[in-house]
Amino acid sequence: MKRLIMLLVVLFLPVLAQAQITHRAWALQLIDSLGWSYGLPPKPTDDDYLRLLNGKRTYRIEAEDSFQRGDRVAVMSFPTFGDFSGSGWLNGTREYTQARLKFHLPHAGRYKLRARVRKPEHHLIFGSRDFRVSGGEQFTTVDVGYVELQAGEQEALLRLRPNGSIDYFELEAAPLAAVAPAGGWRFDAELTAEDAALTLVQALKLQRLLPPGGNNQRLEAENLLPPAGTRIFSGNSKGVASQGRYLQVGPTEVRMDVYLANSPGGAVDILVRGAGKGTMMAGIVDKFSTSKALSPVFTDLILGTFFLPEGEAIINLSLPPGTAFDWLELRPRKNTAADHLALVGLSPQNPPAVTDLNNLSALLYRLKALP
């Protein structure tokens with residue numbers, strides 16, 4: 001039914017050629033063309049569209065809001081057992097009991113599962129995956145494992161030990177690239193050609209095709225604030241370092257925050273030079289996440305082209321044991337509205353013609369599977 005509704009929106013846009021085309025109508029076309037309509041609830045709101053398009057994939061399911069009538073549990077709200085989130089928490093009976101926790105998941109993915117529970121030996125079951133969850137006498141937040149889930153309506157079966165309690169469980173996956181106009185989504189506003197072009201570039205990840213912008217910014221690893229578990233080394237055992245020195249990671253994984261005082265903003269290539277074994281991960285919280293396999297000798301690795309916030313920003317790095325980290329470099333690309341329009345073949349017509357939007361939607365549908 002949801003896909004039918006989306007299809008009708010697209011089919012009837014030509015009929016509305018003389019009417020105002022809103023951000024909402026274009027957002028619906030993007031969601032459908034990206035194959036995300038399954039992540040919408042039966043009666044979606046603007047907030048549901050935003051959850052799909054902002055790219056964030058961290059969802060907290062409050063137990064007191066998701067259990068079903070007939071489940072033998074009670075909602076409590078006193079803080080005797082520690083802090084809790086939401087309006088309360090669920091408590092079991094003097095016997096083993098179970099509850100059905102129903103929720104809606106906007107995006108499919110492999111999610112890290114954590115829960116806040118009290119007492120040991122509970123079970124949280126997703127289909128055939130049965131996770132054992134144990135807390136202490138007070139509420140404890142624990143990592144549970146990983147689970148693959150499809151978008152749409154979900155149900156987790158909770159089995160509580162006698163007098164056990166649960167506050168919430170949480171699902172977290174790496175963020176997807178956000179899709180949004182420069183000024184954010186204003187669903188009742190008229191769509192401009194610039195907004196249509198930018199959001200299509202984001203949806204198709206076409207920013208890597210924008211022309212180079214110059215003014216590259218290189219940050220030498222040895223000049224950054226070194227985290228615990230690292231040392232500054234020199235020598236050529238891993239190849240030639242750019243300044244003769246590099247940051248060497250010890251026997252355990254290190255997480256490192258690279259502070260950007262003047263992020264160029266817009267579309268930027270992010271590169272690192274490193275050596276080692278395993279996979280280096282990089283990202284900006286709630287913006288993007290990516291990873292690259294390291295080589296035994298120093299190699300320039302293109303992490304990708306991402307839209308960075310302008311001004312201050314922090315790039316989070318995860319460096320596996322033994323990594324030699326030489327530098328991180330930002331290479332801006334041209335990022336004006338004219339660049340976006342030229343890339344997708346739109347003229348700076350405001351508002352764009354309906355035929356233009358239908359052509360863009362067809363392009364998005366055809367190219368969405370490209371790496």
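Look above for the structure.
First, a word on scope: everything that follows refers to the structure included in this document. Here the residue numbering is sequential within each chain, running from 1 through the sequence in written order. For a predicted model such as this one, the threshold for reporting local features is a pLDDT of at least 70, and the threshold for listing and counting side-chain atom pairs is 80 or more; totals across whole chains, interfaces and linings nevertheless cover every residue. Processing note: side-chain calculations cover all non-hydrogen atoms of the structure and skip hydrogens and water entirely.

1. Some details on the environment of Ser-33
For step 1, the next point in the chain: Residue placement: Ser-33 occurs in helix 2 (residues 23-33).
For step 2, the next point in the chain: With 227 residues separating them along the chain, Ser-33 and Leu-260 place their C-alpha atoms 35 Å apart. What counts as a helix is a DSSP run of H or I of at least four residues, what counts as a strand is a run of E of at least two, and both are numbered from the N terminus.

2. Observations regarding the pattern of salt bridges
For step 1, the next point in the chain: In what follows, salt bridge is the name for a side-chain nitrogen of Lys or Arg lying within 4 Å of a carboxyl oxygen of Asp or Glu. Going through the model one piece at a time under the given rule, you end up with 18 salt bridges.
For step 2, the next point in the chain: The closest approach of N and O atoms between Glu-170 and Arg-60, which form a salt bridge, is 3.1 Å. Placement of the pair is Glu-170 in strand 10 (residues 165-172) and Arg-60 in strand 1 (residues 58-62), with a sequence separation of 110 residues.
For step 3, the next point in the chain: On the basis of relative accessibility, which here comes to 42%, the residue Arg-60 falls in the partly exposed class.
For step 4, the next point in the chain: As a salt-bridge pair, Arg-114 and Glu-172 come within 2.9 Å of each other at their nearest N and O atoms. Within this pair, whereas Arg-114 is found in strand 5 (residues 109-118), its partner Glu-172 is found in strand 10, the two being separated by 58 residues in sequence.
For step 5, the next point in the chain: Exposure remark for Glu-172: the relative accessible area of 32% places this residue in the partly exposed category.
For step 6, the next point in the chain: The network of salt bridges with common partners includes Arg-60, Lys-112, Arg-114, Asp-143, Glu-170 and Glu-172. A 1.4 Å probe rolled over the protein chains alone gives each residue an accessible area, and that area as a share of the maximum for its type sets the label: buried under 20%, exposed over 50%, partly exposed in between.

3. Concerning the sheet that holds strand 7 (residues 129-133)
For step 1, the next point in the chain: Any two strands between which DSSP finds at least two bridges are classified as paired. Sheet architecture is open: four strands sit in the order 4-9-6-7, paired in antiparallel fashion. Bordering the open sheet on either side are strand 4 (97-105) and strand 7, each of which pairs with just one other strand. In this sheet, neighbouring strand axes are inclined to one another by 25° on average, regardless of whether the strands run parallel or antiparallel.
For step 2, the next point in the chain: For strand 6 (residues 122-126) and strand 9 (residues 152-160), the ladder comprises three bridges, and the chain directions are antiparallel. From the neighbouring strand, Ile-125 faces strand 9, where its bridge partner is Leu-157. Orientation is described by lines fitted to C-alpha atoms, with helices fitted over the stretch in contact, and by angles between N-to-C directions that extend from 0 to 180 degrees.

4. Section: the nonpolar core
For step 1, the next point in the chain: Here, nonpolar core means buried Ala, Val, Leu, Ile, Met, Phe, Trp, Tyr and Cys residues that are tied together by side-chain atoms lying within 4.5 Å of each other. If you look at the biggest cluster of nonpolar residues, it comprises 32 residues, and the most contacted ones within it are Trp-26, Trp-185, Val-344, Leu-346 and Leu-360.
For step 2, the next point in the chain: At the level of elements, helix 2, helix 3 (46-53), helix 5 (193-204), helix 6 (337-344) and helix 7 (354-367) are the ones that each hand at least two residues to this core.
For step 3, the next point in the chain: No other element matches the seven residues that helix 5 contributes to this core.
For step 4, the next point in the chain: The contacts of Leu-360, once residues within four sequence positions are left out, are Trp-26, Ala-196, Leu-200, Val-344 and Leu-346. When checking whether two residues touch, look at their non-hydrogen atoms; a contact exists if any pair is within 4.5 Å.

5. Topic: the side chain of Glu-62
For step 1, the next point in the chain: Residue placement: Glu-62 occurs in strand 1.
For step 2, the next point in the chain: By the counting rule applied here, Lys and Arg register as positive and Asp and Glu as negative, while His and the ends of each chain are not counted. It turns out Glu-62 is buried and unbridged, and the closest side chain with the opposite charge, Arg-60, is 4.7 Å from it.
For step 3, the next point in the chain: Not counting residues within four places of it along the chain, the set of residues in contact with Glu-62 comprises Ser-85, Gly-86, Gly-88, Asp-167 and Tyr-168.

6. Describing the packing of helix 2 against helix 7
For step 1, the next point in the chain: Contact geometry for helix 2 and helix 7: axes closest at 9 Å, N-to-C directions at 25°. Between helix 2 and helix 7, the crossing angle belongs to the class labelled roughly parallel. By crossing handedness, the relation of helix 2 to helix 7 is classed as right-handed. Every residue of helix 7 that contacts helix 2 at Trp-26, Gln-29, Leu-30 and Ser-33 is listed here: Leu-357, Asn-358, Leu-360, Ser-361, Leu-364 and Tyr-365.
For step 2, the next point in the chain: Only Asp, Glu, Lys and Arg are considered charged, only Ala, Val, Leu, Ile, Met, Phe, Trp, Tyr, Cys and Pro nonpolar, and every remaining residue, Gly among them, polar. Considered class by class, the residues forming the contact of helix 2 with helix 7 number six nonpolar, four polar and no charged. Roughly parallel covers angles under 35 degrees, roughly antiparallel covers those over 145, roughly perpendicular covers 65 to 115, and oblique covers all other angles. Crossing handedness follows the turn of the near helix against the far one: under a right angle anticlockwise gives a left-handed crossing, and clockwise gives a right-handed one.

7. A closer look at unusual backbone geometry
For step 1, the next point in the chain: We note that Glu-121 has phi near 65°; this positive angle belongs to a residue other than glycine.
For step 2, the next point in the chain: In this fold, Glu-121 is placed in the loop between strand 5 and strand 6.
For step 3, the next point in the chain: Since its relative accessible area comes to 36%, Glu-121 is described here as partly exposed.
For step 4, the next point in the chain: Here Asn-163, not a glycine, exhibits a phi torsion of approximately 60°, which is positive.
For step 5, the next point in the chain: Here Asn-163 lies in the loop between strand 9 and strand 10.

8. Focus: the pairing of strand 9
For step 1, the next point in the chain: Bridge count for strand 4 against strand 9 is nine bridges, and the pairing is antiparallel. Following the sheet pairing, Arg-100 is matched in strand 9 by Leu-157.

9. Notes on the layout of surface pockets
For step 1, the next point in the chain: Points on a 1 Å grid over protein atoms alone make up a cavity when a 1.4 Å probe fits among them but cannot get out, and a pocket when they form an open set with protein on both sides within 12 Å along at least five of seven lines; lining residues each have an atom within 4 Å of a point. Grid points are joined across faces, edges and corners, and a volume is the space filled by probe spheres set on the points. Computed from the structure, the largest pocket encloses a volume of approximately 900 Å³.
For step 2, the next point in the chain: Among the elements of the structure, strand 1, strand 5, strand 14 (254-275), strand 15 (279-284), strand 16 (288-293) and strand 17 (299-319) are those that each provide at least two residues to the lining of the largest pocket.
For step 3, the next point in the chain: Here the element with the most residues in the lining of the largest pocket is strand 15; it accounts for four residues.
For step 4, the next point in the chain: Along the lines of polarity and charge, the residues of the lining of the largest pocket split into twelve nonpolar, six polar and eleven charged.
For step 5, the next point in the chain: Considered as a void within the structure, the second largest pocket measures approximately 620 Å³ in volume.
For step 6, the next point in the chain: Around the second largest pocket, the lining comprises 25 residues; the ones closest to its centre are Ala-180, Leu-198, Gln-202, Phe-307 and Leu-308.
For step 7, the next point in the chain: Elements represented by at least two residues in the lining of the second largest pocket include exactly helix 5, strand 14, strand 17 and helix 6.
For step 8, the next point in the chain: Among the elements that take part in the lining of the second largest pocket, strand 17 stands out by supplying five residues, more than any other.
For step 9, the next point in the chain: Residue classes in the lining of the second largest pocket are distributed as twelve nonpolar, seven polar and six charged.

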